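# A look at the structure
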Amino acid sequence: MIKICGTGSALPKKRVTNDDLAQIMDTSDEWISSRTGIRARHLAVEETTTGLSVAAARQALAEAGIQPEELDLIIAATLSADHVLPTLACEVQAAIGAARAVAFDLHAACSGFLFALNTAAVYLRGGVYKNALIIGAETLSKMLDWTDRGTCVLFGDGAGAAVLRELPDETAGGFKAFVQYSDGTRGGVLSCGDRPLVNPYATHEAEHRYVEMDGQAVYRFAVGTVPRVITEAVERAGLTLSDIDHFVLHQANSRIIQSVAKRLGQPVDKFPMNLQECGNISAASIPILLDSLNKNGMIRKNEHIVLAGFGAGLTWGAAVIQW
Ligand code: ACO
């Protein structure tokens, strides 16, 4: 049985409210909160993507009751690692002393943690590895155009982690099913950061340095695909939607989440949210929310949880786990 045995999370100390943003740009709490549900976000000042990841990882390992040396695999999902090289996963490996683990990054934007979890589950199910650490971590604030009020107000920084283990105990469900999709033909609706060719024969200027988004197209994409992918994953798990106790969705926007709940015919209180306090933290949003549900005793043993991610690429997917 493949099971999440520990979770962790870390947010930067600096909390920035919508009113704080209204002091430095032409926006308001009313505009941001009524369209997105976001009231505040945490922004890195001293923190790094690696430092936040290490803090989250240590908590997850402690809860799982395993030592870093027991880890076989570390996958870090991020689009905002501190460096292009080395990878975030390798930096975490070095910091926590997980000498035996193979470590690599996986980049699928806001679907990153979900895709990393699914990837690790396949390794574990195949008997290749037994203990995996999955991280979703971002310092997106460095990738935002702080003169573009249409995007910069939406995002935050932070990290979440989960330890996934292959256990001999077959009595409880564990990891049940997953579904994931990509559509590169629609990638232009959410983009960030050209890496122009610069060599002795080509010198191109970067045109897109920061996150750019067609907000309404992203909204339509999310509310169209997420209900379908959740339904498909739940069916693949041999369950019905009413069997699901918690729908842990990527925290982009409360209106998206409310619309998904409505389209699935499920009560919105099955859809926990932390975006009010965190904003959208891309690959980190699902593990941070999962950790807060776990730490606050909101998830009981054997309950069924759907994790669902969606984001740039475009990418989207869902997984069904039994706690
Ligand atoms: N404060 C005040 N006014 C603003 C702000 C702001 N922060 N941002 C934009 N405006 C203004 C615009 O300038 C525009 O003014 P105008 O009518 O005078 O030209 C007006 O508000 C409307 O702007 P729109 O961009 O059309 O606003 P919209 O109603 O579409 O809301 C939003 C934008 C909230 C992003 C919406 O499109 C949405 O919810 N999209 C979903 C996408 C999403 O959540 N993306 C997150 C990242 S992607 C991901 O995680 C998968």
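Within each chain, residues carry numbers counting from 1 in the order of the written sequence. Predicted model: local features are reported for residues with pLDDT of at least 70 only, side-chain atom pairs are reported and counted for 80 or more only, and whole-chain, interface and lining totals are derived from all residues. Hydrogens and water are ignored here; the side-chain numbers use all heavy atoms of the structure.

## Structural notes on the side chain of Ser-254
Looking at the element boundaries, Ser-254 is found in helix α8 (residues 254-264). There is a polar contact of 3.5 Å between the side chain of Ser-254 and the backbone nitrogen of Gly-37. Any pair of residues with heavy atoms lying within 4.5 Å of one another is described as a contacting pair. The residues contacting Ser-254, other than those within four sequence positions of it, are Thr-36, Gly-37, Met-273 and Leu-275. Secondary structure elements follow DSSP: runs of H or I no shorter than four residues count as helices, runs of E no shorter than two count as strands, and numbering proceeds from the N terminus. Residues adjacent in sequence count toward polar contacts only when both atoms are side-chain atoms; beyond that, a polar contact is any pair of N or O atoms within 3.5 Å, and within protein one must be able to donate a hydrogen and the other to accept it.

## A word on the packing of helix α3 (residues 49-64) against helix α4 (residues 88-96)
Between α3 and α4, the shortest axis-to-axis distance is 10 Å and the interhelical angle comes to 60°. Considering the angle they form, α3 stands oblique to α4. Handedness of the crossing formed by α3 with α4: right-handed. Where α3 abuts α4, its residues Thr-49, Thr-50, Ser-53, Val-54, Ala-57, Arg-58 and Leu-61 lie against Leu-88, Glu-91, Val-92, Ala-95 and Ile-96. Only Asp, Glu, Lys and Arg are considered charged, only Ala, Val, Leu, Ile, Met, Phe, Trp, Tyr, Cys and Pro nonpolar, and every remaining residue, Gly among them, polar. Looking at the contact of α3 with α4, its residues break down into 7 nonpolar, 3 polar and 2 charged. Lines are fitted to the C-alpha atoms to define the axes, a helix being fitted only along its stretch in contact, and any angle between axes, read from their N-to-C directions, falls within 0 to 180 degrees. Roughly parallel refers to an angle under 35 degrees, roughly antiparallel to one over 145, roughly perpendicular to one between 65 and 115, and oblique to any angle outside these ranges. Crossing handedness is read from the near helix: turned anticlockwise from the far helix by less than a right angle, it gives a left-handed crossing, and turned clockwise, a right-handed one.

## Focus: the sheet that holds strand β15 (residues 315-322)
By the convention used here, strands pair only if DSSP detects at least 2 bridges between them. Strands sit in the order β8-β15-β14-β13 across an open sheet of 4 strands; the sheet is mixed. At either end of the open sheet lies a strand with only one pairing partner, and these are β8 (174-182) and β13 (246-249). Sheet twist, expressed as the average angle between the axes of neighbouring strands with direction ignored, equals 15°. Across 4 bridges, the pairing between β13 and strand β14 (residues 304-311) is parallel. Bridge pairing in β14 places His-246 opposite Ile-305. Where helix α5 (residues 112-125) meets the sheet, it contacts β8, β14 and β15, and its direction lies at approximately 125° from that of β8. Against the sheet, helix α10 (residues 285-295) contacts β13 and β14, and its axis sits at roughly 145° relative to β13.

## Remarks on the nonpolar core
By nonpolar core is meant a set of buried Ala, Val, Leu, Ile, Met, Phe, Trp, Tyr and Cys residues that side-chain atoms within 4.5 Å join together. In this scheme, a residue with accessible area under 20% of its type's maximum is buried, one over 50% is exposed, and one in between is partly exposed, where area comes from a 1.4 Å probe on protein chains only. If you look at the biggest cluster of nonpolar residues, it comprises 50 residues, and the most contacted ones within it are Ile-230, Phe-247, Leu-249 and Val-306. For this core, the elements supplying multiple residues, two or more each, are β8, α7 (215-236), β13, α8, β14 and β15. Per-element accounting of this core gives the leading share, 10 residues, to α7. Those residues in contact with Val-306, other than ones at most four positions away along the chain, are Ile-230, Val-234, Ile-244, His-246, Phe-247, Val-248, Ala-318, Ala-319 and Val-320. Judged by nonpolar contacts, the second largest core, of 32 residues, contains Leu-106, Leu-124, Ala-283 and Trp-323.

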